[in-house]
Amino acid sequence: MAGHQGNRARRGLSDPGGTLASVVHMDSPLAEAVGGRSASVLRKHLDMHTVGDLLRHLPRRYETMNDLDKVDPRDLAVGDQVNMIAEVRSARGERKFRRGGGKQLHITTMTVAAGALELSVTFFNQPWRVRTMPVGSRAFFAGKLEKFRDRWQLGSPRAMRISTGDDETDPDGEDTESIKLPPVTPIYPATKDVQTWELLAAVRQTLEVFDDPIDPVPAEVRERHGLIDLGRALRDIHLPATLEAARPAMRRLTWDEALGLQLALQGERINAATRPAPACPRTDDGLAAAFDARLPFELTAGQRRVGDELAEALAGTTPLNRLLQGDVGSGKTVVALRAMLQVVDAGRQAVLLAPTEVLAAQHARSLRTMLGPLGRAGEPAGLFGEDDRPVELDTDERATRIVLLTGSLAAKERKQALLDVQSGTAGIVVGTHAVIQEKVGFADLGLLVVDEQHRFGVRQRDELRSRPGETAPHLLVMTATPIPRTVALTVYGDLENSVLDELPAGRKPIDTHAVPGGRPKWLARVWERVREEVDAGHQAYVVCPRIGDGGPAGEEEESAGPDGPDGGERRPPLAALEVAELLAGGPLAGLRLEVLHGRLPAEEKDDVMRRFSAGDVDVLVSTTVIEVGVDVPNATVIVVLDAERFGVSQLHQLRGRVGRGDTASSCFLVSELEGPSMERLARIAEITDGFAMADLDLELRNEGDVLGTEQAGRRKTLRFLSVRRHLDEITEAREVARSLLADDPTLAHHPRLAGLVRGVVGDEGAGFLDKL
């Protein structure tokens, strides 16, 4: 805007509408820099309120006049909203009468070119365009890409002529809207209401009166890591003298986010350690030792190593705060159970939190099966086991009780479960979010195990840890699949890390195939394979992305919506209820089929899983409710329908439902889409290692899904920092954060750094500043 205030009313961001300040700062209201009307437009369409909001709206790329030949039509698609600099190749205007008479309509038609892209641009009732944008002139053009008779067009165009000098007066007195470009022109993320040239004008005007901030990062840190000053970075990121000048500016702003995030994460670690944890030392003759003695298999070297790490930490009063990751089937549950038994041996309780009721019930069954008589303290005679036959109860004075606590328990069962928990009769509590409710009291909580943290939420597990009391429980978080190191340093950066890097002996690789569902013979062969496995005495899963019957989606239901990643209108996602009916009357007729999904009552879900585990069901048609934790060794084949609708880690988890016994297993990823979707599924089918799968997941996922508010539960979406590209910056910032907090745990002596933390993660994420 600076230098072109006379044209402001014609350009969307209007005239000042108030008095401008002579000096503005990062936290100054935006109106003081660009005027009230302009600030109102930016607030409405881009949620900008302060000068800092504007200056942290970064260019997505830079262009020079030499870049005009770099636009490639192959990179564009119909419907794209574009902002580009192009040269006018032809321009003509004509007047036409509207149909049925009436006023004349003036039509200006131009052909403009940017590199190999040539397109037609039409303006209505803007006759001055032919004079003010003559052939050979250059301009910003914005609009929606369309095609007519195989020719590119720009729908609902807006344009701003690029000035070549200071004289902006047209001899006929018409508006000559123009903007003079810097040598390197920033192209901003824009909207249909606020164009990139309007943002450039606003930034220019703001920087003319901007007072560089006092740098929050200590000078010695900047010098050691080669960082430029913040004020220079903010100027060079918007108006760099050269393309090279923008690189150190971007590095500095990226580094600031890395440091703010790591200060928050390391601050949370320190805060978690301020309350002591209950000491739970190992014993030689307790439950843990008895459990190890009755294990029917050898622990892997990794399970023993991680088990020793946990045992040592649990023995002390510094809270265990650890992430346990390993591939599907690596034996994380056994490791967690051994840790829970050590806590029970010390006279305290352990809680295992699961994200769904199906998984919680599965965990409770698995723990009872693994513990046998060691997990049946106080249970009456005549108890019925997993196969509905009476079990023989061995007496063991060391035994504990396992209690399942979920939101759907009947009133009588819930009352008894709460009594067992509050009295301490239950040494191990397995549950969902119901465990976190305030009225659930524990006799002496010593360890909190959170399974599948990526689905549970940071606030939920922190709520249980932060309950009033002299001590805080130890914390163990288990991930569904391995995660890349950058994610471990960001999303889980407040936790120490333990890795199970080997599978138990006897596990066989799962044969995975990407199947084009639009080819009937291929799909028919998939159902033949399911029949062959059932005929051989095995069982199968069929997974769909939707429940069906037109009801609301359950919390465990996944659907990518009607439009797939390859674009275009698509049918609704396949539904489990409808697929089960089609299979029962078609390719799988005669087999014992059951349906499992998140909307079933808890008792019905539990009954279906029990019968499937007992071998009374041949094929389980399900939603992603079986994604994690379900362990049926006799299941040897899984078919995932509409597989393109699921994420990489989801598909790896679903594949992990088979291959849990000593029989070769198969996984079929079925999609009707060709092209990129099938290529993606083929890549997934080729990868069997969970750590390689984690890297692919990170490569394909949207950045905000990894670091956004929903995923992390504690921070805003980051603007500059990328977990794909900035491992070095994240690692460096982690060490700096630890060093700074070691001497100043609340940043009381670094108030501007505290402000940086709040700017990156918000007030909630910076809560450690007020707690220590």
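The shown structure was predicted, so the numbers you read here are calculated from the model rather than taken from an experiment. (Residues numbered from 1 in each chain as written. Predicted model: local features only at pLDDT ≥ 70, side-chain atom pairs only at ≥ 80, totals over all residues. Heavy atoms only, no water.)

Caption draft 1: Expanded view of the overall build of the protein. Assigned secondary structure in the protein consists of 27 helices and 21 strands. For the protein, with 772 residues in total, the buried portion stands at 54%. For the protein, the proportion of contacts with a sequence separation of at least 24, taken over those separated by at least 6, is 73%. Just so you have it, the protein exposes about 33600 Å², and 49% of that area is on carbon and sulfur atoms. (Helix = DSSP H or I, 4+ residues; strand = E, 2+ residues; numbered from the N terminus. Buried < 20%, exposed > 50% of the residue type's maximum accessible area, 1.4 Å probe, protein only. Contact = heavy atoms within 4.5 Å. Areas by Shrake-Rupley, 256 points an atom, 1.4 Å probe, with all protein chains shown as cover.)

Caption draft 2: Fine view of the environment of Phe691. Counting through the fold element by element, Phe691 comes out in helix H22 (residues 690-700). Residue Phe691 is classed as partly exposed on the basis of its relative accessible area, which comes to 28%. As for Phe691 and Thr481, which are separated by 210 residues in sequence, their C-alpha atoms are 7.9 Å apart. Leave out the neighbours within four places in its chain, and Phe691 touches Gln325, Pro482, Val499 and Leu500.

Caption draft 3: The arrangement of the sheet that holds strand E17 (residues 539-543) in detail. Read across the sheet, six strands follow the order E16-E21-E20-E17-E19-E18 without closing on themselves; strand pairing throughout is parallel. With one partner strand each, in any of the chains shown, strand E16 (510-516) and strand E18 (593-596) form the two edges of the open sheet. Sheet twist, expressed as the mean angle between neighbouring strand axes with direction ignored, is 20°. Where helix H19 (residues 602-613) meets the sheet, it contacts E17, E18, strand E19 (619-622) and strand E20 (635-640), and its direction lies at approximately 140° from that of E18. Its contacts with the sheet put helix H21 (residues 676-686) on E16 and strand E21 (665-671), and the angle it makes with E16 is roughly 170°. (Pairing = 2+ DSSP bridges. Axes fitted to C-alpha atoms, helices over the stretch in contact; angles between N-to-C directions.)

Caption draft 4: Quick look at the sheet that holds strand E10 (residues 349-353). Strand order in the open sheet made by the seven strands is E11-E12-E10-E13-E14-E9-E15, with parallel pairing throughout. The sheet is open, and its two borders are formed by strand E11 (401-405) and strand E15 (496-500), each paired with just one other strand. With strand direction ignored, the average angle separating the axes of adjacent strands in the sheet is 20°. The sheet contacts of helix H12 (residues 357-371) involve E10, E11, strand E12 (426-431) and strand E13 (445-451), and relative to E11 the element is tilted by about 170°.

Caption draft 5: Here's a closer look at the packing of aromatic side chains. Under the criterion given, the structure shown has two aromatic pairs. Across the ring face of Trp152, the terminal group of Lys147 is positioned such that the distance to the ring centre comes to 4.6 Å. (Phe/Tyr/Trp six-rings, centres within 6.5 Å; stacked < 30°, edge-to-face > 60°. Lys NZ or Arg CZ within 6 Å of the ring centre and 35° of its normal.)

Caption draft 6: Broad picture of the packing of helix H7 (residues 230-238) against helix H8 (residues 243-272). Running from N to C, H7 and H8 point in directions that differ by 125°, and their axes come no closer than 8 Å. Classified by the angle between their axes, H7 and H8 sit oblique to one another. Relative to H8, the crossing made by H7 is left-handed. Judged by residue contacts, Leu230, Ala233, Leu234, Asp236 and Ile237 of H7 engage Ala245, Ala246, Ala249, Met250, Arg252, Leu253 and Asp256 from H8. Of the residues belonging to the contact of H7 with H8, the class tally is nine nonpolar, no polar and three charged. (Parallel < 35°, antiparallel > 145°, perpendicular 65-115°, else oblique. Left-handed = near helix turned anticlockwise from the far one by under 90°. Nonpolar A, V, L, I, M, F, W, Y, C, P; charged D, E, K, R; others polar.)

Caption draft 7: Quick look at helix H2 (residues 36-46). Restricting attention to buried positions, one finds in H2 the residues Ser38, Ala39, Val41 and Leu42. Along the axis of H2, the buried positions cluster into a sector of 160°, meaning they face one direction only. Its buried side turned inward, H2 meets helix H1 (31-34) and helix H5 (196-208). (Arc of directions from axis to C-beta.)

Caption draft 8: Seen up close, the pairing of E20. The buried fraction of E20 is high, at six of six residues. Pairing geometry for E17 and E20, over five bridges, is parallel. In the sheet register, Ala540 faces E20, and the bridge partner there is Val637. Judged from the four bridges that link them, E20 and E21 form a sheet pairing that is parallel. Bridge assignment links Val640 to a residue of E21, and that residue is Leu669. Of the crossover connections in this fold, the one passing from E20 over helix H20 (residues 648-655) to the parallel E21 is right-handed. (Right-handed = clockwise from strand over helix to strand, strands pointing away.)

Caption draft 9: Summary view of the pattern of salt bridges. Throughout the structure, instances matching the rule amount to 40 salt bridges. Note that Arg338 and Asp292 form a salt bridge whose closest N and O atoms lie 3.0 Å from each other. Within this pair, whereas Arg338 is found in helix H11 (residues 332-345), its partner Asp292 is found in helix H9 (residues 287-294), the two being separated by 46 residues in sequence. Given a relative accessible area of 30%, Asp292 falls into the partly exposed group. We note a salt bridge from Arg610 to Asp606, for which the minimum N-O separation is 3.2 Å. Taken together, the residues Arg610 and Asp606, both in helix H19 and four residues apart, mark about one turn of the helix. Its relative accessible area of 22% is what places Asp606 among the partly exposed residues. Within this structure, Glu87, Arg89, Glu118, Arg138 and Arg151 form a network of salt bridges that share partners. (Salt bridge = Lys/Arg side-chain N within 4 Å of Asp/Glu carboxyl O.)

Caption draft 10: Representation of the nonpolar core in the model. Counting 42 residues, the largest nonpolar core has Leu30, Leu42, Leu55, Phe140, Ile179, Phe210 and Leu253 as its most contacted members. When residues in this core are grouped by element, the largest group, seven residues, is from H5. Formed by 38 residues, the second largest nonpolar core is a distinct cluster that contains Ala288, Leu295, Leu324 and Leu341. (Core = buried A, V, L, I, M, F, W, Y, C linked by side-chain atoms within 4.5 Å.)

Caption draft 11: Main features of the packing of H12 against H19. One can describe the packing of H12 onto H19 by two numbers: an axis separation of 10 Å at closest approach and a directional angle of 50°. Here H12 is positioned oblique relative to H19, judged by the angle of their axes. By crossing handedness, the relation of H12 to H19 is classed as right-handed. Taking contact as the criterion, the partners of Glu357, Val358, Ala361, Gln362 and Arg365 in H12 are, on H19, Ala602, Lys605, Asp606, Met609 and Arg610. Tallied by class, the residues present in the contact of H12 with H19 amount to four nonpolar, one polar and five charged.

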